[in-house]
Every structure is written in C-alpha cells, then in structure tokens.
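In case you want the letters, here they are:
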Amino acid sequence: MDQRSGQKRAVDYLYPSLDPFDQRVIDVGEGHRVFVEQCGNPAGVPVLVLHGGPGGGCSPAMRRYFDPAHYRVVLFDQRGCGRSRPHASVDDNTTWHLVRDIELIRETLGIDRFILFGGSWGATLALIYAISHPERVAAMVLRGVFLMTRAELDWFYGGGAGAFYPELWQRFLAPIPEDERFDLLAAYHRRLFSGHLGEETRVARTWTAWENALASVHGDGTAGDGPAEYARAFARLENHYFVNGGFLDGDAWILRNLDRIAQIPTTIVQGRFDMICPPTSAWALAQGLPKARLHMIPLAGHALSEPGISDALVRAMNQLRA
C-alpha cells in the first residue's frame, strides 16, 4: 500500500527486525533433518510459529509479530521445505510426522506448553497438534483458517475462486489437457511427481503462481515466478498433502474433534475477502470453540502481509502478554 495515502503498510505494525539467539538442525528420523530457530527472550513465554503451505517455510518477517522482551519465539521449517532437508521430499512426510516433530522440538527445547501461532496450513497444523496434545497448548492465534475439508479444496482447485479470476484460472488450467481437468489435484500430482525435473519445476511454478496471485486483496492478480527450488518444494508438498486429504481420518476431522480443545483460548484473524481460505471456515471454527474470538478484517484477503491482518495479529499477541 502507498504510505502517501496515509495508510500503514503491514511492516509498520511489526516489531523491529531481530536475529535468532539459537539455530539448530534436529534429526527427526526417517532421514529428515528439520531446521529450528529461536528468537526473543530465552526465558520468555514460548510461542511456536507454524508456517503455511504445506511447504512454505519460515521467513525472517515471521519473527516480528511478538514482543521480543516477553516471548520466546520458536520457528521451524517443516519436513521437506525451507532449510530442512531433504528438500522437496514427500517420503515419510505426513501430518502425523509433523505432529511428532513438534513434540520432539518441544521436548528438545525443554518447553512445557506453547502458544501456537499459525496461518492457512499453519492454522490447520496448529489445530491438529492441539487436538492431539491439548495439554501442551496454552493458547492459539490463527489466521486465514483452513480446515482441510473437501469443500475447501473444491473451492480453490475446482473453479470456485476461478470464477472471480477467470483469466488466472485459465493459466492454472493450461498445463492440463481437457480430459484430465475433472480432477486437477490428481492431474497436477502426475506432473509434479513425473521424475523429470524440468517438467516438475515448470508445473510447480504454475501451481504456486495461482495461489500467490490470489493471496492479497490489494494485488493486481499477478505474481512473480520466485525461485524455482522454492516453487517445486511448495507445489509438491502442498499437492501431496491435498491429494491425501491431509492424512486425516475422514472429511471435517478437525470440526469433529473440537471438543478436545474447547477450553483453549483461541483468537482467529480472518480476511473478509480471502479467496484462498474463504471466511466460512473461520466462522465454523469460531462457532465450535467456546473460548474463540473471531476478528473479521473488512478489507483483507489471505496474506500474512495484509496490513489489517498484521495489525490484528500483533494486537492479539500483545493482549496475551497479560
């Protein structure tokens, strides 16, 4: 956004940049090595940051949503992405592996309970971990809620969002022959895992560009290609998780298990015009959690970098200091 208009950018709401006080690689088994870093106050209240995707990885900006004098902020790149290795690997890479990795990180760092902070797939993973280990979660701050349901996948990969961006939808369809378009997740899967690096990378760029172009309500529908290595890991991991329904036991698994986390204080920040994860999921989640507070941001989409989203998330973390 243009500062000359008098409106703030997302970065204006964040705490100053800071460096980690700890960086390490943890061997989590099955040949996977997960990158973990900590910043803020080593003796502070622990917060675990869960990035999106799956396959997105963490960025330095994610350190800046927390008062560094109060919080001990833990970030990690999930299996197969970011600085974790092997890169773009889907072998032994499921939701339940990630839940187990979080437990190993918690135990390795000597932490009893976390505040969970995550958006999009990060919100999904936060909810699944909390349902699995409710005694280890002090509170949750979630953004751009994704509940890993068939309806949500059909919306984004079945033409729902495409109805608002028909020209971009055609670009997403372009690599897929018409006789395969009845199941785009499966069609993309065949190409993302073809074994031919060039084809996988080209298709991965198209997959990633579709999501990036729709992330911000202030965007013009365009998105840069970004690094090929990032696009390939992001697309392969995301597709791998989605074709497998998040490795959950049936549709709407999260909603069916909300009773296990009913007592966890939860703040939900949702963009009203989120094209990737429509607000109906955030609404359903808030209705199912007695201690949830839903903040619907009027002029915002999906991206963490939306000014209204960043403002609400920083406010939520500041309120939890009490």
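In this text, all values refer to a predicted model and were calculated from it rather than measured experimentally. (Residues numbered from 1 in each chain as written. Predicted model: local features only at pLDDT ≥ 70, side-chain atom pairs only at ≥ 80, totals over all residues. Heavy atoms only, no water.)

**A few points about the overall build of the chain**
- Assigned secondary structure in the chain consists of 10 helices and 8 strands.
- A compact globule built from 322 residues should have a C-alpha radius of gyration of about 20 Å, and the chain, at 19 Å, falls within 12% of that.
- Referenced to the eigenvectors of the C-alpha coordinate spread, the extents of the chain come out at roughly 55 × 50 × 40 Å.
- Scored against the burial criterion, the 322 residues of the chain give a buried share of 56%. (Helix = DSSP H or I, 4+ residues; strand = E, 2+ residues; numbered from the N terminus. Rg over C-alpha atoms; globule rule 2.2 N^0.38 Å. Buried < 20%, exposed > 50% of the residue type's maximum accessible area, 1.4 Å probe, protein only.)

**Considerations on the confidence of the model for the chain**
- The predicted model of the chain has a mean per-residue pLDDT of 95, with 97% of residues at 70 or higher.
- In this model, residues 1–6 is a region of pLDDT below 50 whose contacts with residues beyond four sequence positions or in other chains number 8 contacts. (pLDDT = per-residue confidence, 0-100. Contact = heavy atoms within 4.5 Å.)

**Describing the sheet that holds strand β7 (residues 266–271)**
- Overall, mixed pairing links the 8 strands, which are arranged β1-β2-β4-β3-β5-β6-β7-β8 in an open sheet. Because the sheet does not close on itself, it has two edges, and the strands there are β1 (22–29) and β8 (292–297). For this sheet the average axis-to-axis angle between neighbouring strands, irrespective of direction, equals 20°.
- Bridging between β1 and strand β2 (residues 32–40) involves 7 bridges; their strand directions are antiparallel. Its bridge partner being in β2, Val-25 is matched across the sheet by Phe-35.
- With respect to the sheet, helix α9 (residues 279–288) is in contact with β6 (137–143), β7 and β8, its orientation differing from that of β7 by roughly 160°.
- Contacting β3 (45–50), β4 (71–76), β5 (114–119), β6, β7 and β8, helix α10 (residues 307–319) runs over the sheet at an angle of about 170° to β7. (Pairing = 2+ DSSP bridges. Axes fitted to C-alpha atoms, helices over the stretch in contact; angles between N-to-C directions.)

**Considerations on the environment of Asn-41**
- Within the fold, Asn-41 resides in the loop between β2 and β3.
- Linking Asn-41 and Arg-72, residues 31 residues apart in sequence, is a C-alpha distance of 4.9 Å.
- Setting aside its immediate chain neighbours within four residues, Asn-41 contacts Phe-21, Pro-68, Ala-69, His-70, Tyr-71 and Arg-72.
- At 2.9 Å, the side chain of Asn-41 and the backbone nitrogen of Ala-43 are in polar contact. (Polar contact = N/O pair within 3.5 Å; in protein donor to acceptor, adjacent residues only side chain to side chain.)

**Regarding helix α4 (residues 166–173)**
- Three or more residues of α4 are buried, namely Leu-168, Trp-169, Phe-172 and Leu-173. Burial along α4 is one-sided: seen end-on, the buried residues are contained in an arc of 145°.
- Residues of α4 that are buried in the fold lie against α3 (150–157), α5 (184–192) and α6 (197–213). (Arc of directions from axis to C-beta.)

**Details of the pattern of salt bridges**
- The final tally for this structure, using the stated rule, is 18 salt bridges.
- Where Asp-22 meets Arg-24, a salt bridge forms, and the shortest distance between an N and an O atom there is 3.0 Å.
- Using a relative accessible area of 15% as the deciding quantity, one classes Asp-22 as buried.
- Since its relative accessible area comes to 30%, Arg-24 is described here as partly exposed.
- Each of the salt bridges in this network shares a partner with another, and the network as a whole consists of Glu-30, Arg-79, Arg-100 and Asp-101. (Salt bridge = Lys/Arg side-chain N within 4 Å of Asp/Glu carboxyl O.)

**A short note on unusual backbone geometry**
- A cis geometry characterises the amide bond from Gly-53 onward to Pro-54, with omega recorded as 5°.
- Counting through the fold element by element, Pro-54 comes out in the loop between β3 and β4.
- Omega for the peptide link from Arg-85 to Pro-86 comes to 5°, which places this bond in the cis form.
- By the element assignment, Pro-86 lies in the loop between β4 and α1 (95–108).
- With phi around 50°, Asp-92 is a residue other than glycine that occupies positive phi space.
- One can find Asp-92 in the loop between β4 and α1.

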